[in-house]
Amino acid sequence: EEESLVGDGEGLPKTVPYRLRLKITSAANLPRMDSVLAGGKADPFCLVKIGTQEQKTDTIKNSLDPTWDMPLDFDVTARSQSVTVTVFDWNRTGGNTFIGRIQIPVSQMCGGPQSHPLLSEGNTPIIGLSGKPATINFSASVQASPDAKAQQPNGATVGA
């Protein structure tokens, strides 16, 4: 009897490794990070990590509601891994400023668009200029991993 490669009813393969495509869509209600003289908004970008892999979105200048629509691909090597998305305010000098972060188990990533509140380093919600919680919005899907060759019981190779 053939075994399905999709497990847990959540769109994730039963076996690792596999490639996870995380599309960082947007953020909303970010707090003001720059002085009024500098535009009074923020220059946000996201740093996304899974295990030792790290990727960055583009920086969106002068926005509290940035849209990235940027797909990032990661190789998932363990079902227990988590995705960490950290939003920073880009600064020309003096280093970038932390805005907020989310951490979500890979097992909860698939299943359509998602919106999560950004948390401070003390795990409290970040409140934006509008008085509403700041959020990060994304979607995730499983892609064929070029180096993940799972052997089906019938001898066929998947992911080749």
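Anything mentioned here points back to the structure above.
Residues numbered from 1 in each chain as written. Predicted model: local features only at pLDDT ≥ 70, side-chain atom pairs only at ≥ 80, totals over all residues. Heavy atoms only, no water.

1. Some details on the overall build of the chain
And then number 1: Helix and strand content of the chain: zero helices and twelve strands.
And then number 2: Starting at the N terminus and walking to the C terminus, you meet the elements of the chain as β-β-β-β-β-β-β-β-β-β-β-β.
And then number 3: Split into buried and exposed, the 160 residues of the chain put 39% on the buried side.
And then number 4: Contacts in the chain between residues at least 24 apart in sequence constitute 58% of all its contacts with a sequence separation of at least 6. (Helix = DSSP H or I, 4+ residues; strand = E, 2+ residues; numbered from the N terminus. Buried < 20%, exposed > 50% of the residue type's maximum accessible area, 1.4 Å probe, protein only. Contact = heavy atoms within 4.5 Å.)

2. A few points about the sheet that holds strand β9 (residues 114–117)
And then number 1: With antiparallel pairing, the four strands of this open sheet are ordered in space as β6-β3-β10-β9. Sheet topology places β6 (67–76) and β9 at the edges, where each strand pairs with a single neighbour. Each neighbouring strand pair of the sheet contributes to a mean axis angle of 30°, computed without reference to strand direction. (Pairing = 2+ DSSP bridges. Axes fitted to C-alpha atoms, helices over the stretch in contact; angles between N-to-C directions.)

3. Some thoughts on the pattern of salt bridges
And then number 1: All told, the structure shown has three salt bridges when counted by the stated rule.
And then number 2: In this structure, Glu54 engages Lys49 in a salt bridge whose closest nitrogen and oxygen atoms are separated by 3.4 Å.
And then number 3: Taking relative accessible area as the criterion, Lys49 reaches 36% and is therefore assigned partly exposed. (Salt bridge = Lys/Arg side-chain N within 4 Å of Asp/Glu carboxyl O.)

4. A word on the nonpolar core
And then number 1: In this structure, Leu20, Leu22, Ile24, Val48, Val83, Val85 and Ile136 are the most contacted members of the largest nonpolar core, which totals 32 residues.
And then number 2: Among the secondary structure elements, those contributing two or more residues to this core are β3 (18–28), β4 (44–50), β6, β7 (82–89), β8 (97–105) and β10 (135–143).
And then number 3: Not counting residues up to four positions away in its chain, the partners in contact with Ile24 are Cys46, Val48, Thr57, Trp68, Asp69, Met70, Leu72, Val85, Ile136, Asn137 and Phe138. (Core = buried A, V, L, I, M, F, W, Y, C linked by side-chain atoms within 4.5 Å.)

5. As for the environment of Gln108
And then number 1: Along the chain, Gln108 turns up in the loop between β8 and β9.
And then number 2: Separated by 26 residues in sequence, Gln108 and Ser82 have C-alpha atoms that sit 9.1 Å apart.

6. A short note on the side chain of Thr86
And then number 1: Secondary-structure assignment places Thr86 in strand β7.
And then number 2: What makes Thr86 buried here is its relative accessible area of 6%.
And then number 3: Of note is the side chain of Thr86, whose polar atom sits 3.3 Å from the side chain of Arg101.
And then number 4: Discounting chain neighbours no more than four positions away, the residues touching Thr86 are Phe45, Cys46, Leu47, Phe98, Gly100 and Arg101. (Polar contact = N/O pair within 3.5 Å; in protein donor to acceptor, adjacent residues only side chain to side chain.)

7. Describing the sheet that holds strand β5 (residues 53–56)
And then number 1: In spatial order, the strands read β5-β4-β7-β8; together these four strands make up an open sheet with antiparallel pairing. Edge positions in the sheet fall to β5 and β8, since each has one partner strand and no second. For this sheet the average axis-to-axis angle between neighbouring strands, irrespective of direction, equals 15°.
And then number 2: Relative to β5, β4 runs antiparallel, the two being bridged by four bridges. When the sheet's bridge partners are listed, Lys49 is paired in β5 with Glu54.

8. Things to note about the pairing of β7
And then number 1: Summarising burial for β7: seven of the eight residues are buried, a large majority.
And then number 2: Pairing of β4 with β7, which is carried by seven bridges, proceeds in the antiparallel orientation. What sits directly across from Pro44, in β7, is Asp89.

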